[in-house]
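Chain residues, written in single-letter form:
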Amino acid sequence: MKLKRFLLRYYPPGIILEYELRDKTREMKEIDLLHLTPDADVDVIVNQIVFEEPLISESKKPHLRRSLYKLIEKLESNEASDFFLFKILRAHILPLTNCAFNKSGDKFITGSYDRTCKVWNTITGDELLTLEGHRNVVYAIAFNNPYGDKVITGSFDKTCKLWSAETGQLYHTFRGHATEIVCLSFNPHGTMIATGSMDNTARLWDVEAGECLHTLLGHTAEIVSLDFDTHGQRIITGSFDNTVKVWDVRNGRCIHTLNGHQGEISSCQFNYASDLCISGSIDRTCKVWDVQSGTCIHTLRGHNDEILDVSFNATGSKLVTASADGNSRVYNTMTGACHAILTGHEGEISKVAFNPQGSRILTASSDKSARIWETETGDCLQVLEGHTDEIFSCAFNYEGDTIITGSKDNTCRIW
């Protein structure tokens, strides 16, 4: 085995080793550096990696050291900068349902009650494509990140469509659900699609063949949230039956049912290491689960109204909850301790997200504003004002220097 090159993964921090085997084929190996911080002792980390990783020889230490400093530089970037309104896009005639970035953030997509999905250029604000063909509301949308060359749309017309993000060509229409599709996702490799529906099932589809691989049966109420793990081997589904289920993607079998919530699930997510997942519920709690054993590690309390969204930071060390009580709470994943409460919104918070660096949190609220918060202190750094109706969608791009907000006022704003 011969090391050919180092590749950097910024969020969460890691180094990818590309190496050559005897038969000249190339393989990749990832070294996760989830605990890397700006004040880390780089030499200690370098020595540890060289000691543990046979592919990296002593002679590669200077290169490795430079790579680590680059990763740290990224973690420190965007610390001081304020966001300003860059563009207002009157996206659709009828209300928006969702918006999402591609990985680089140079394109984003919007779904709408007008039965279309539109692809936009972030920098110019130009509409690049209108994806037409659904017979009802386009509710759930996603890019196949990190590639960004395909888009999926899930609709109230019971179908999911797969499109080219470059040409707008329709590749496949996935039929099989009995009722509306309300959540969907590509797997990390972009080879499989998952859809969740009001018909109590989720389905896994093959991107190339356009066929249904598995139907995930077992929930007794609608599925409103789903998430693939980092390697695409398992998927979790959150349902109005008060449970989250963990499934094996290869055979469509249910591995665990995560029981314990007293109300409907609103949101669920894996951490980066994929050994834990979180679920937010109408019962006002968020639970942290051990995926391997299916047991609940923490029940995070403190909200006095339903939890509408939950999210891990890029490394999985922290999580944030958004609630109808108008507050967000930041917790330490390992200890379950609440270390900041984000107070200031005057209406429910429906969406919450960390920036890639983990230093900032973005919240979207029915009070027509989005806010940016300091993760450590819980201080509000900025209020993004201007929308004239509630904001239900918000996202950072991969670099964390651009924000998109989607509102019931039919506009998208780029900040």
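Residues numbered from 1 in each chain as written. Predicted model: local features only at pLDDT ≥ 70, side-chain atom pairs only at ≥ 80, totals over all residues. Heavy atoms only, no water.

Let's shift gears to the side chain of threonine 110. Topologically, threonine 110 is positioned in strand E6 (residues 107-112). A relative accessible area of 0% places threonine 110 in the buried class. Side chain to side chain, threonine 110 and histidine 92 meet in a polar contact 2.8 Å long. (Helix = DSSP H or I, 4+ residues; strand = E, 2+ residues; numbered from the N terminus. Buried < 20%, exposed > 50% of the residue type's maximum accessible area, 1.4 Å probe, protein only. Polar contact = N/O pair within 3.5 Å; in protein donor to acceptor, adjacent residues only side chain to side chain.)

The next point concerns the sheet that holds strand E21 (residues 265-270). Note on sheets: strands pair through backbone hydrogen bonds, and any given pair is parallel or antiparallel. One open sheet holds the four strands; their spatial order is E21-E22-E23-E24, and the pairing between them is antiparallel. Among the strands making up the open sheet, the edge pair consists of E21 and strand E24 (295-300). Pairs of neighbouring strands in the sheet enclose a mean axial angle of 20 degrees, with direction left out of account. (Pairing = 2+ DSSP bridges. Axes fitted to C-alpha atoms, helices over the stretch in contact; angles between N-to-C directions.)

In terms of nonpolar packing, the biggest core is built from 20 residues, with Ile15, Leu17, Leu33, Ile56, Leu64 and Leu68 touching the most fellow members. Contributing elements (two or more residues each) for this core: strand E1 (2-9), strand E2 (14-20), helix H1 (42-52) and helix H2 (61-76). Residues contacting leucine 17, with those up to four places away along its chain left out, are Leu3, Arg5, Phe6, Glu27, Met28, Lys29, Ile31, Glu53, Leu55 and Ile56. Counting 13 residues, the second-largest nonpolar core is a separate cluster that includes Cys183, Ala202, Leu216 and Phe228. (Core = buried A, V, L, I, M, F, W, Y, C linked by side-chain atoms within 4.5 Å. Contact = heavy atoms within 4.5 Å.)

Turning our attention to a nonpolar patch on the surface. Together, Phe84, Phe86 and Ile123 line one region of the surface with nonpolar side chains, adding up to about 330 Å² of accessible area. Tracing the sequence through the fold places isoleucine 123 in the loop between strand E7 (117-121) and strand E8 (127-131). (Patch = residues over 30% accessible without salt bridge, like charges linked within 9 Å, V, L, I, M, F, W, Y side chains within 5 Å. Areas by Shrake-Rupley, 256 points an atom, 1.4 Å probe, with all protein chains shown as cover. Salt bridge = Lys/Arg side-chain N within 4 Å of Asp/Glu carboxyl O.)

A separate point is H1. By the burial criterion, the buried members of H1 are Val42, Ile45, Val46, Ile49 and Val50. Buried residues of H1, viewed axially, fall in a sector of 130 degrees; they line one side. The exposed set on the far side of H1, more than 90 degrees from its buried face, consists of Val44, Phe51 and Glu52. Two to three positions downstream of the cap, the backbone nitrogen of aspartate 43 sits 3.2 Å from a side-chain oxygen, assigning the N-cap of H1 to aspartate 41. (Arc of directions from axis to C-beta.)

Turning next to the packing of aromatic side chains. Taken as a whole, this structure holds seven aromatic pairs when the rule is applied. Between tyrosine 11 and tyrosine 398 the ring centres are 5.1 Å apart and the planes differ by 65 degrees, which places this aromatic pair in the edge-to-face class. Here tyrosine 11 is found in the loop between E1 and E2, whereas its partner tyrosine 398 is found in the loop between strand E33 (391-396) and strand E34 (403-407), with 387 residues between them in sequence. Grouping aromatic residues by their ring pairs yields a cluster made of Tyr10, Tyr11 and Tyr398. (Phe/Tyr/Trp six-rings, centres within 6.5 Å; stacked < 30°, edge-to-face > 60°.)

Of all six residues in strand E26 (residues 318-323), six are buried, a share of seventy percent or more. Note that strand E25 (residues 307-312) and E26 share five bridges and pair antiparallel. Pairing of valine 310 across the sheet is with threonine 321, part of E26. Counting the residues in the hairpin turn of E25 and E26 gives five residues, including glycine 316, whose phi is positive at 90 degrees. Relative to strand E27 (residues 328-332), E26 runs antiparallel, the two being bridged by five bridges. In the sheet register, leucine 319 faces E27, and the bridge partner there is tyrosine 331.

So, about the pairing of strand E28 (residues 338-342). Bridge count for E27 against E28 is four bridges, and the pairing is antiparallel. Bridged to serine 328 within E28 is leucine 342. Hairpin connection from E27 to E28: five residues lie between these consecutive antiparallel strands, with glycine 336 at a positive phi of about 80 degrees.

We now examine H2. For an α-helix, 3.6 residues make a turn, and residues three or four places apart therefore share a direction. With 16 residues, H2 ought to run about 22 Å at 1.5 Å a step, and its terminal C-alpha atoms sit 23 Å apart, in line with that. Where H2 is concerned, the buried positions are Lys61, Leu64, Ser67, Leu68, Leu71, Ile72 and Leu75. The buried residues of H2 occupy an angular sector of 140 degrees when projected down its axis, which confines them to one face. Residues Arg66 and Glu73 are exposed on H2 and point more than 90 degrees away from its buried face. Where H2 is buried, its residues meet E1, E2 and H1. (Expected span 1.5 Å × (residues − 1).)

Relative to the elements of secondary structure, serine 77 occurs in the loop between H2 and strand E4 (87-90). Placed 280 residues apart in sequence, serine 77 and glutamine 357 show a C-alpha to C-alpha distance of 8.0 Å. Ignoring anything within four residues of it in the chain, the contact list for serine 77 reads Tyr11 and Gln357.

Before going further, it helps to examine the sheet that holds E27. Within the open sheet, the four strands sit side by side as E25-E26-E27-E28. Their pairing is antiparallel. Of all the strands in the sheet, the pair left with one neighbour each is E25 and E28. For this sheet, the mean angle separating the axes of adjacent strands, direction not counted, is 20 degrees.

It is worth spelling out the packing of H1 against H2 at this point. Where H1 contacts H2, the two axes come as close as 10 Å, and the packing angle between them is 125 degrees. Taken together, the axes of H1 and H2 lie oblique to each other. With respect to the hand of their crossing, H1 and H2 are arranged in right-handed fashion. Seen from H1, the contacting residues are Val42, Asp43, Ile45, Val46, Asn47, Ile49 and Val50; seen from H2, they are Lys61, Leu64, Arg65, Leu68, Tyr69 and Ile72. Considered class by class, the residues forming the contact of H1 with H2 number nine nonpolar, one polar and three charged. (Parallel < 35°, antiparallel > 145°, perpendicular 65-115°, else oblique. Left-handed = near helix turned anticlockwise from the far one by under 90°. Nonpolar A, V, L, I, M, F, W, Y, C, P; charged D, E, K, R; others polar.)

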